[in-house]
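These are the residues of each chain, in order.
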Amino acid sequence: MRKQAATRQTDVLDVLRQNDRPLTAYAILNQLKQSEPGLAAPTIYRTLEALTQQGRAHKLESIKAFVPCRCDHNASVPVLAVCEDCGIVEEHDGAPILPNLKALAEKSAFQAKRHIVEIHGRCKTCAA
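Caption draft 1: Representation of the packing of helix α2 (residues 25-33) against helix α3 (residues 41-54) within the structure. One can describe the packing of α2 onto α3 by two numbers: an axis separation of 9 Å at closest approach and a directional angle of 115°. Note on packing geometry: the crossing formed by α2 with α3 is right-handed. Residue-level inspection shows A25, Y26, I28, L29 and L32 of α2 in contact with α3, the latter providing A41, I44, Y45 and L48. Class assignment for the residues of the contact of α2 with α3 results in nine nonpolar, no polar and no charged.

Written out as structure tokens, the structure reads:
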């Protein structure tokens, strides 16, 4: 039996929320395959694409992994701070930098569809 898209999205978000580190699509697939052995990668990729378009999950482009959205980004930009030691991702509201990002894009008539800022370094715990 095929699951409805909304149910599938809930399943994927639940997996993301249960982990404190970013997950690849295949890591999500492996967790969901425990209860759904016939599940295939294209289903997970479609679900993740929908979730990112809805702003309910974020793709960390640099490491090709996903995290659930933990902030409200209606008129903002997520700023994701990725610890390169422990892998934890902190999400921050980038509202103060959104005008600057828009201005940079407008200089070259670039039409941005979405904004995601990644900062890589060490978290407070790992830097101590």
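Caption draft 2: Seen up close, the pattern of salt bridges. By the definition in use, this model includes five salt bridges. With its nearest N and O atoms 3.9 Å apart, the salt bridge here joins R8 to D11. Taken together, the residues span about one helical turn, with R8 and D11 both in helix α1 (residues 5-17) at a distance of three residues. Across this residue pair, the class does not change: R8 and D11 are buried. Between K59 and E61 there is a salt bridge whose closest N-O contact spans 3.9 Å. Each member of the salt-bridge network shares a partner with another, and the members are R8, D11 and E36.

Caption draft 3: Structural detail: α1. Spanning 13 residues, α1 covers 18 Å between terminal C-alpha atoms, matching the ideal 18 Å at 1.5 Å per step. In the core, the buried residues of α1 are packed alongside α2, α3, β1 (57-60) and β2 (65-68).

Caption draft 4: Broad picture of empty space enclosed by the protein. Throughout the structure, instances matching the rule amount to one cavity of 30 Å³ or more. A volume near 30 Å³ is recorded for the largest cavity. Around the largest cavity sit L16, N19, D20, R21, P22, V67, P68, R70 and V89, which together line it. The residue inventory of the lining of the largest cavity, partitioned by class, reads five nonpolar, one polar and three charged.

The rules behind the values
Residues numbered from 1 in each chain as written. Predicted model: local features only at pLDDT ≥ 70, side-chain atom pairs only at ≥ 80, totals over all residues. Heavy atoms only, no water. Axes fitted to C-alpha atoms, helices over the stretch in contact; angles between N-to-C directions. Helix = DSSP H or I, 4+ residues; strand = E, 2+ residues; numbered from the N terminus. Left-handed = near helix turned anticlockwise from the far one by under 90°. Contact = heavy atoms within 4.5 Å. Nonpolar A, V, L, I, M, F, W, Y, C, P; charged D, E, K, R; others polar. Salt bridge = Lys/Arg side-chain N within 4 Å of Asp/Glu carboxyl O. Buried < 20%, exposed > 50% of the residue type's maximum accessible area, 1.4 Å probe, protein only. Expected span 1.5 Å × (residues − 1). 1 Å grid on protein atoms, 1.4 Å probe; cavity = no way out; pocket = protein on both sides within 12 Å on 5 of 7 lines; lining within 4 Å. Points joined across faces, edges and corners; volume = space filled by probe spheres on them.

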